[in-house]
Amino acid sequence: MTKNRLANETSPYLRQHADNPVHWYPWGEEAFEAARRLDRPIFLSIGYAACHWCHVMAHESFEDPETAAVMNEHFVNVKVDREERPDVDRYYMKALHLMGLQGGWPLSMFLAPDGRPLWGGTYFPPKPRFGRPSFRQVLEEVARLWREDRDKLLNNAEALTNALKQRATEGRSQRQLPQDFPARAAYALADLYDHDHGGLQGAPKFPQVPLLDLLWRAGRSHERALVLLTLRHICQGGIYDHLDGGFARYSTDSIWLVPHFEKMLYDNALLTDMLVRAWLDTGDELFRQRIEETVSFVFRRLLIPGVGFASSLDADSEGEEGRHYVWSYTDLKKAVSEENRDLFFRTYGVTRSGNWEGRIILNRLNAMSLLEEEQEERLAAERRRLLERRNQRPFPARDDKVLASWNGLMISALVHVASVFDDPDLLNRTQDIMTALIDHLQDDDLGLCQAWNERRLTFPATADGLAAMIRAALALHSATGKSDWLIRALSWQEDLDRYHFVPEENAYAFARRGADPHMADQIFAEDDALPNYHALIIENLAHLAFVTGKAEYRTRALALLERFAHETAQNPLSHAALLSAMHALLNGSRITLFLPDDSRETRQKANTLLSAALSALTECPPILRLSPQKTLPEHHPAESMLSSLTDRKTPALLLCRGETCSIPAETPEQVNDICAMLT
């Protein structure tokens, strides 16, 4: 079979379409030149490898020779992996929203030959249904309009393009948010939460970690209780894989039972980080167990040895969503031992009628706590037996694309797990993975790149990729004290400032400034499934200001908050990560740890102080490790205490909030006292 132009692309998602009879182009100048030369509109299809409805439309339409013939006759057809090109995806998704249409994937857009959006939608069926025209009807109508009423299409494209340019820069302000605004936003957000099952009210339910993060950092005990409620339901629901570990992307219902079965690296990174904080606050064994199981899943199923972490596992296997994960009652009755069957069926919601389309999704939603140790051991033995049996089924496909942004988030989470649970082996392994990521994603000419696959790099990283990797490097610097990680973070921050900062906007462009002539620079601060890149940048700048003493980093962070103050005030819940970053910048804790020498005994004592601080703070704040040979950075809040620190013979910990630092603490009890006083 003749392959199309996607056969040699780096993205596994694009290569999935290499055998289509559609004459696909990858995004690039070749496609636009062909559209101009042939005087045809572009059909742009955007999706990702783990997307169920992307697969459905591919099987129904892109693999169909008759549909492909219509596409090839009237359009230049372009396929984009939204994870590899998030800038392209976001730009045209915005265009779809401006048309008053609901977004989603696959994203199906029709463009003028110069890239301006004409019209679009998401999934189109092969025959009219769901109140939607068939895909072939859509193709033929757009082709007719291009031939017979082109001016109407181009006028619409001009209006949309002007609106996109306006939205890229709107919301500039010269105001400041009140310092208590994050707390007020968290209070308001709590009213929108489901007080029985957690998460926002209704269905579907997404983890939406940026919202959980805001509730946790800026909220009071009531808001934090909602976070714990949500996390317990996520950990016990069907959205969690109780046999192999790891979280699915979201729940299709209102109780976290039925997942959309794809597993994404970023969800598991962000939820692991939240679970670390929950465990620090509660000591709940459920959270510790889910952390360990998720980390094990990520290493077992997503790690590409010597490179980094793969992006996702598909929702489908054998052409059916969830087939790998669900069970029949008969299979479970055969597989679970008779002596433990009643306990297992009662605990995991196993009934003869099933809980999803006659089949069974294992879950523990009937109880939010673990059982007695002896019962849990019996259940664990059955889970191992079931996993062995399940592993004999065909596995969902893995997207082996290694993304800078998602790997950066995962590295940060692993560092926090290693620090909180005092696991030097995990920390060393995480450092090795970060080193491998740099070896594979860093290019001498392009800098940090967006994605790697099969020994090939794509274009330069978007701002979220740089920000996430800076965050990871800073987390490693906090955990190890090694200056190499700080040097790496500073280098990437320089690239971010050089290639992404737009002085006239006082903000950062998502992709490199002017990188793609077919799209305007995009500047935005709202979250999606991930925290917004400006929020990550603000926290990174605050961290850099603390460990380097350079006031300009803090000044830039404050200026970014001011830049987006108006739109944040207008819609705080869409800017939850920015509000969390504001809280971290103005009220966040920072730790200075003094080590008088490098002996094993000193390190052990220092780790004891640090463990006490992390437990009291229920987070992993920036840490500056100070030895007698090092001086405090200029303008450090503890500068006046330097002489008393360097004279000490035992480790000491200082907790700083804003411009205020505590007196040095030398015992865990003193650490608890100063944490209680400053928090």
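Definitions and cut-offs
Residues numbered from 1 in each chain as written. Predicted model: local features only at pLDDT ≥ 70, side-chain atom pairs only at ≥ 80, totals over all residues. Heavy atoms only, no water. Helix = DSSP H or I, 4+ residues; strand = E, 2+ residues; numbered from the N terminus. Rg over C-alpha atoms; globule rule 2.2 N^0.38 Å. Buried < 20%, exposed > 50% of the residue type's maximum accessible area, 1.4 Å probe, protein only. Contact = heavy atoms within 4.5 Å. Areas by Shrake-Rupley, 256 points an atom, 1.4 Å probe, with all protein chains shown as cover. Lys, Arg positive; Asp, Glu negative; His and termini not counted. Charge placed at Lys NZ, Arg CZ, Asp CG, Glu CD. Pairing = 2+ DSSP bridges. Axes fitted to C-alpha atoms, helices over the stretch in contact; angles between N-to-C directions. Polar contact = N/O pair within 3.5 Å; in protein donor to acceptor, adjacent residues only side chain to side chain.

Below, the discussion takes up the overall build of the protein chain. Within the protein chain, the secondary structure is distributed over 26 helices and 25 strands. In terms of overall dimensions, the protein chain is globule-like: its C-alpha atoms have a radius of gyration of 26 Å, near the 26 Å expected for 679 residues. Counting only C-alpha atoms and orienting by the principal axes, one finds that the protein chain spans roughly 85 × 70 × 45 Å. In the protein chain, which comprises 679 residues, the share counted as buried stands at 60%. In the protein chain, the proportion of contacts linking residues at least 24 apart, taken out of those at least 6 apart, comes to 68%. As displayed, the protein chain has an accessible area near 27,100 Å², and 47% of this comes from carbon and sulfur atoms. Computed over 76 positive and 96 negative side-chain charges, the separation of the two mean positions in the protein chain equals 2 Å.

What follows is about the sheet that holds strand 3 (residues 76-81). The five strands are arranged 1-3-2-4-5 in an open sheet whose pairing can be described as mixed. Because the sheet does not close on itself, it has two edges, and the strands there are strand 1 (24-26) and strand 5 (117-121). Here the strands of the sheet are splayed against their neighbours by 30° on average, with no regard to which way each runs. Taken together, the five bridges between strand 2 (residues 42-47) and strand 4 (residues 107-111) define a ladder with antiparallel strand orientation. Considered in strand 4, the bridge of I42 is made with L111.

This part covers the side chain of S45. Along the chain, S45 falls in strand 2. In terms of polar contacts, S45 uses its side chain to reach the side chain of K79, at 2.7 Å.

The subject of this paragraph is the sheet that holds strand 23 (residues 623-626). Taken together, four strands build an open sheet; the order of strands is 23-22-24-25 and the sheet is mixed. Here the strands that pair on one side only, and so sit at the sheet edges, are strand 23 and strand 25 (660-661). As paired elements, strand 24 (residues 652-657) and strand 25 share two bridges and run antiparallel to each other. Paired with C656 across the two strands is C661, which belongs to strand 25.

With respect to the helices and strands, P596 occurs in the loop between strand 22 (589-594) and helix 24 (600-617). Judged by relative accessible area, which is 16%, P596 ranks as buried. Distance in space between the C-alpha atoms of P596 and G447 is 38 Å, their sequence separation being 149 residues. Setting aside residues no more than four positions away along its own chain, P596 makes contact with T602, P628, R648, K649, T650 and P651.

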